[in-house]
Amino acid sequence: MKKILLISFLYGFFSIGTNATNTNEDPKPNDKKATKATIALYQQLNSVSQNGQTIFGHQDDLAYGYHWWGNNSDVKQVTGDYPGLYGWDMGEIGNEKNLDDVLFEDIKKYIKEAYARGGVTTLSWHMINLKEQSSSWDTTRVVHEMLKGGKYHKDFIKKLDLFADFVNDLEVNGEKIPLLFRPWHEHNGSWFWWGGKNVSIEDYKSLWQFTVEYLRDKKKIHHLIYVYSTDAFQTQEEYLERYPGDEYVDVLGFDDYGAFRSYADEAREQWIINELEIVAKLADEKRKICAFTESGLEAVTDDTFFTQKLLPKLNHNKWTKKAAYVMLWRNANYQKEQRDHFYVPYKGHSSAKDFIQFTEDPSILLESDFMKMKEN
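The present account deals with the structure reproduced in this document. What you see is a predicted model; the values in this text were computed from it and never measured.

## A short note on the overall build of the protein chain
Piece 1. When you go through the protein chain residue by residue, the secondary structure sums to 12 helices and 13 strands.
Piece 2. The C-alpha atoms of the protein chain give a radius of gyration of 19 Å, which matches the 21 Å a tight globule of 376 residues would have.
Piece 3. The principal-axis extents of the C-alpha atoms in the protein chain amount to approximately 55 × 50 × 50 Å.
Piece 4. Looking at the protein chain as a whole, 59% of its 376 residues qualify as buried.
Piece 5. A fraction of 74% describes how many contacts in the protein chain between residues 6 or more apart in sequence connect residues 24 or more apart.
Piece 6. When the accessible surface of the protein chain is split by element, carbon and sulfur atoms take 47% of a total near 15,100 Å².
Piece 7. Averaging the positions of the 46 positive and the 57 negative side-chain charges in the protein chain gives two centres separated by 4 Å.

See the structure below:
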């Protein structure tokens, strides 16, 4: 089935779609100096989306899992293949380990290994509150003091410099590894210092715009694809309320966990279909990529979650574009953390069979599927 869909994919690569807003030219990232590899990745993701496929991703997949720590993969243990996309977080950058207790040097190693196999990397950043020197979840207002002229602007610059050093070190055979960078996510909620009632709309936009301009123009980093990612929303107006502008965004994404939690009813589940259709329509109009940037059912309490809940949502989209990728959250190691904090089945879990069926669907791409597509 996947071989048949690969032929369709290759046809879709050259025939971008039937929507009137499309042109014969493949879309590109906003960065006019984007590296060839970065442009190639962007166009590959666009083709995946146009072809009705979705790359499957998993946060922290190689670093730890439900019952292990270090250089393994719960996804591979269950399916025989790695996820096509890996998420890592830059929280605590400047220290030896990130906020999930993973060595930053190990993250670099995992990113390079995944890239060599054909995998994609996305980076998020739970930056500390620079005013309180505390976590992202400290909602003390600080953004207005991080902008130019503010008390914590120099501290902000230092963090951006650390990030720049990190991504510039991600290189294989003299080529910078293209990365999906998703800063200041879930900003329509108020649980982070950069979100909701904790920052004005204009200051949030300025924070985003400065981040892009500093990394792109000052630090000369041209291998980043910038991902805009809200939390759950209901309308296009809500989604775009803090949108920093087309010239600062390459991928339109969103996070939604609530629709799959135990309290969710059928009406709440339908939110995801609505969200996917809104971002797909906007991506089509703006000639960008759309993605489902974070989701999952904690502890996978439904043994048919993947085929009966997630897959139908990903494939129920009347617009030309589909979510180019979906990323489920991490599998916390129960020996170090809570036992029920995992989003992908580990080997032996009761939902493993359903997960295998999900990944075998022609619309879902794991790492080897995506690598074969690129080779062709």
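Next comes the rest of the account.
## Here's the deal with the nonpolar core
Piece 1. Phe-56 and Phe-163 are the most contacted members of the largest nonpolar core, which totals 113 residues.
Piece 2. Not counting residues up to four positions away in its chain, the partners in contact with Phe-56 are Val-75, Pro-83, Gly-84, Leu-85, Val-326, Leu-328, Val-344, Phe-355, Phe-358, Ile-364, Leu-365 and Leu-366.

## Quick word on the side chain of His-341
Piece 1. Along the chain, His-341 falls in the loop between β12 (325-328) and α11 (352-360).
Piece 2. Accessibility expressed as a relative area gives 11% for His-341, which makes it buried.
Piece 3. Once residues within four sequence positions are removed from consideration, His-341 is found in contact with Glu-298, Trp-329, Arg-330, Asn-331 and Ala-332.

## Quick look at the environment of Gly-52
Piece 1. Checked against the element boundaries, Gly-52 lands in the loop between α2 (36-50) and β1 (54-59).
Piece 2. Sequence separation of Gly-52 and Ile-364 is 312 residues, and the distance between their C-alpha atoms is 9.2 Å.
Piece 3. Not counting residues up to four positions away in its chain, the partners in contact with Gly-52 are Asn-315, Lys-322 and Ser-363.

## Quick word on the pattern of salt bridges
Piece 1. Across all of its chains, the model carries 19 salt bridges by this definition.
Piece 2. Here Lys-176 makes a salt bridge to Glu-171, at a shortest N to O gap of 3.1 Å.
Piece 3. Look at Lys-176 and you get partly exposed, because its relative accessible area is 25%.
Piece 4. A salt bridge links Glu-241 to Arg-242, with the shortest nitrogen-to-oxygen separation between them at 3.7 Å.
Piece 5. Take Glu-241: its relative accessible area is 42%, and that puts it in the partly exposed class.
Piece 6. The network of salt bridges with shared partners includes Glu-269, Asp-302, Lys-309 and Lys-313.

## Topic: helix α6 (residues 153-168)
Piece 1. Along its 16 residues, α6 runs 22 Å from first to last C-alpha, staying within 8% of the 22 Å computed at 1.5 Å per residue.
Piece 2. Taken together, the buried positions of α6 are occupied by His-153, Phe-156, Ile-157, Lys-159, Leu-160, Phe-163, Ala-164, Phe-166 and Val-167.

Reading the values: rules and limits
- Residues numbered from 1 in each chain as written.
- Predicted model: local features only at pLDDT ≥ 70, side-chain atom pairs only at ≥ 80, totals over all residues.
- Heavy atoms only, no water.
- Helix = DSSP H or I, 4+ residues; strand = E, 2+ residues; numbered from the N terminus.
- Rg over C-alpha atoms; globule rule 2.2 N^0.38 Å.
- Buried < 20%, exposed > 50% of the residue type's maximum accessible area, 1.4 Å probe, protein only.
- Contact = heavy atoms within 4.5 Å.
- Areas by Shrake-Rupley, 256 points an atom, 1.4 Å probe, with all protein chains shown as cover.
- Lys, Arg positive; Asp, Glu negative; His and termini not counted.
- Charge placed at Lys NZ, Arg CZ, Asp CG, Glu CD.
- Core = buried A, V, L, I, M, F, W, Y, C linked by side-chain atoms within 4.5 Å.
- Salt bridge = Lys/Arg side-chain N within 4 Å of Asp/Glu carboxyl O.
- Expected span 1.5 Å × (residues − 1).

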